[in-house]
Amino acid sequence: MTSSTHSGRVALVTGANKGVGHAIARQLAELGMTVWLGARDQQRGTQATGELRDLGLDVRFAHLDVTDEGSVALAAKYITQESGRLDALVNNAGVSRGWAAPSQTPLEDLEATFATNVFGYVTVTNTMLPLLRRSDAARIVNISSVIGSLTVAAENHDPTGCFPDGQFPVILSHSMSKAAVNSLTVMYANELRGEGILVNAVSPNWVPTDANGNTGILTLDQGAHLPVRMATLPDSGPTGTFTVATADGLGMALPW
Ligand SMILES: NC(=O)c1ccc[n+]([C@@H]2O[C@H](COP(=O)([O-])OP(=O)(O)OC[C@H]3O[C@@H](n4cnc5c(N)ncnc54)[C@H](OP(=O)(O)O)[C@@H]3O)[C@@H](O)[C@H]2O)c1
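Residues numbered from 1 in each chain as written. Predicted model: local features only at pLDDT ≥ 70, side-chain atom pairs only at ≥ 80, totals over all residues. Heavy atoms only, no water.

Regarding the site of the ligand
Here is step 1: In the neighbourhood of the ligand, 30 residues make up the surrounding shell, with Asn17, Arg40, Arg44, Asn92 and Thr209 lying closest.
Here is step 2: Considered on its own, the ligand offers 900 Å² of accessible surface; in the complex 92% of this is hidden by protein.
Here is step 3: In this structure, the ligand is accommodated by the largest pocket.
Here is step 4: Secondary-structure elements contributing two or more residues to the shell around the ligand are helix H1 (19-30), helix H4 (107-132) and helix H6 (172-192).
Here is step 5: Residues belonging to the shell around the ligand are distributed by class as follows: 11 nonpolar, 13 polar and six charged. (Near = heavy atom within 4 Å. Areas by Shrake-Rupley, 256 points an atom, 1.4 Å probe, with all protein chains shown as cover. 1 Å grid on protein atoms, 1.4 Å probe; cavity = no way out; pocket = protein on both sides within 12 Å on 5 of 7 lines; lining within 4 Å. Sits in = over half its atoms within 2 Å of the grid points. Helix = DSSP H or I, 4+ residues; strand = E, 2+ residues; numbered from the N terminus. Nonpolar A, V, L, I, M, F, W, Y, C, P; charged D, E, K, R; others polar.)

Written out as structure tokens, the structure reads:
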């Protein structure tokens, strides 16, 4: 199962103790990478890391809460000591608190969602950049969602087929946070393209996790496939794109 293609390369996946992040961490490790499994809870992180190590994978626990700059800095220090660099960062840790319409959304739901889904991505990216800059082929993948697409929302037509025409979800906090993820993806892609660091936003599509009551139209493995591909792009790969995982594994471009 384990390939040597990417052996020696090092990745960090945030929020990887379960769900999409866990599947991405496992698939990256199956490619032969050393994977730092980021989790905010010591016990959940240690357990998830142990389960993947039991499969013979080189997975190590990085204790980090993306909303806590100190814990992210400590994790970076530890990864620096142990691995010396990062070749891939997958910003995945996310919350979906307050699935409410705009007129029903308390400001604190917006603040809590942005703290993790947006400011957390920025904190981890900025803190890990010195490690990524030590790589000869660094990749950053920002896990986004079709609900962050302004075009899809405005047209009320979802090309992924998750939501019927005219019934695109109206969720202020989550949708705004993912639109911001798309925005920051383009900003970082433009800043870092001169250094050869490729930055892309990817949706796993709709996959069964605790965040959505374990419903979905793709399996977790299918949803993780495209983020993994984007985390291991060749130098000729794209940057500043927004794509969604598809059942055939090819992925599809999404409008911003
Ligand atoms: N599931 C889908 O269909 C779907 C669709 C589109 C996009 N996504 C995106 O995929 C990503 C993962 O979501 P999921 O569906 O896998 O949800 P999930 O099963 O609820 O997993 C979320 C992960 O993020 C972690 N997390 C939350 N806040 C954190 C923080 N402050 N610091 C560090 N880790 C934190 C959670 O840790 P704890 O276990 O400690 O809570 C958990 O490991 C999110 O960005 C989500 O928006 C999912």
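Remarks on the pairing of strand S1 (residues 10-13)
Looking along a regular strand, one sees the side chains alternate between the two faces of the sheet.
Here is step 1: Both faces of S1 are covered, namely the face carrying Val10 and Leu12 and the face carrying Ala11 and Val13.
Here is step 2: Of the pairings in the sheet, the one linking S1 to strand S2 (residues 34-39) comprises four bridges and is parallel in character. Each bridged residue has a counterpart across the sheet, and for Val10 the counterpart in S2 is Thr34.
Here is step 3: For the crossover from S1 across H1 to S2, the handedness is right-handed.
Here is step 4: Judged from the three bridges that link them, S1 and strand S4 (residues 88-91) form a sheet pairing that is parallel. Bridging from a neighbouring strand, Ala11 pairs with Ala88 of S4. (Buried < 20%, exposed > 50% of the residue type's maximum accessible area, 1.4 Å probe, protein only. Pairing = 2+ DSSP bridges. Right-handed = clockwise from strand over helix to strand, strands pointing away.)

Comments concerning the nonpolar core
Here is step 1: Residues Leu12, Ile24, Leu28, Val35, Leu86 and Met128 are the most contacted members of the largest nonpolar core, which totals 65 residues.
Here is step 2: With nine residues, the single largest contributor to this core is H4.
Here is step 3: With residues up to four places along the chain from it excluded, the contact list for Leu86 reads Val10, Ala11, Leu12, Trp36, Ile79, Met128, Leu131, Leu132 and Ser135.
Here is step 4: One finds Val146, Phe168, Ala201 and Phe242 within the second-largest nonpolar core, a separate group that totals nine residues. (Core = buried A, V, L, I, M, F, W, Y, C linked by side-chain atoms within 4.5 Å. Contact = heavy atoms within 4.5 Å.)

Regarding the packing of aromatic side chains
The geometry of an aromatic ring pair is captured by the separation of the ring centres together with the interplanar angle, meaning the angle of the planes.
Here is step 1: Per the stated rule, a full pass over the model turns up five aromatic pairs.
Here is step 2: Look at Trp36 and Tyr78: their rings are 5.6 Å apart centre to centre, the planes differ by 75°, and that puts the pair in the edge-to-face class. On the criterion of sequence distance, the pair formed by Trp36 in strand S2 and Tyr78 in helix H3 (residues 69-83) is long-range, its members being 42 residues apart.
Here is step 3: Taking 6.4 Å as the distance between ring centres and 15° as the angle between the ring planes, the aromatic pair formed by Phe163 and Trp206 counts as stacked. You can see Phe163 sitting in the loop between helix H5 (150-155) and H6 and its partner Trp206 sitting in the loop between strand S6 (198-203) and helix H7 (220-231), a full 43 residues away along the chain.
Here is step 4: Its relative accessible area of 25% is what places Phe163 among the partly exposed residues.
Here is step 5: By relative accessible area, Trp206 is classed as partly exposed at 30%. (Phe/Tyr/Trp six-rings, centres within 6.5 Å; stacked < 30°, edge-to-face > 60°.)

Details of the sheet that holds S1
Here is step 1: Overall, mixed pairing links the eight strands, which are arranged S3-S2-S1-S4-S5-S6-S7-S8 in an open sheet. Each edge of the sheet is formed by a strand with only one pairing partner; in this case those strands are strand S3 (59-63) and strand S8 (252-253).
Here is step 2: On the sheet, helix H2 (residues 42-53) packs against S2 and S3 and is oriented at approximately 170° with respect to S3. (Axes fitted to C-alpha atoms, helices over the stretch in contact; angles between N-to-C directions.)

A few points about the environment of Glu155
Here is step 1: Within the secondary structure, Glu155 is located in helix H5.
Here is step 2: Residue Glu155 is classed as exposed on the basis of its relative accessible area of 54%.

Looking at the packing of H1 against H7
Axis angle and axis distance: for two packed helices, these are the angle between their axes and the distance between the axes, and together they describe the pair.
Here is step 1: Running from N to C, H1 and H7 cross one another at 60°; their axes reach a closest spacing of 8 Å. In terms of orientation, H1 and H7 fall into the oblique class. The chirality of how H1 crosses H7 is right-handed. Counted together, Gly19, Val20, Ala23, Ile24, Arg26, Gln27 and Leu28 of H1 and Leu220, Asp221, Ala224, His225, Pro227, Val228 and Ala231 of H7 form the full contact between these two elements.
Here is step 2: Broken down by class, the residue content of the contact of H1 with H7 amounts to nine nonpolar, three polar and two charged. (Parallel < 35°, antiparallel > 145°, perpendicular 65-115°, else oblique. Left-handed = near helix turned anticlockwise from the far one by under 90°.)

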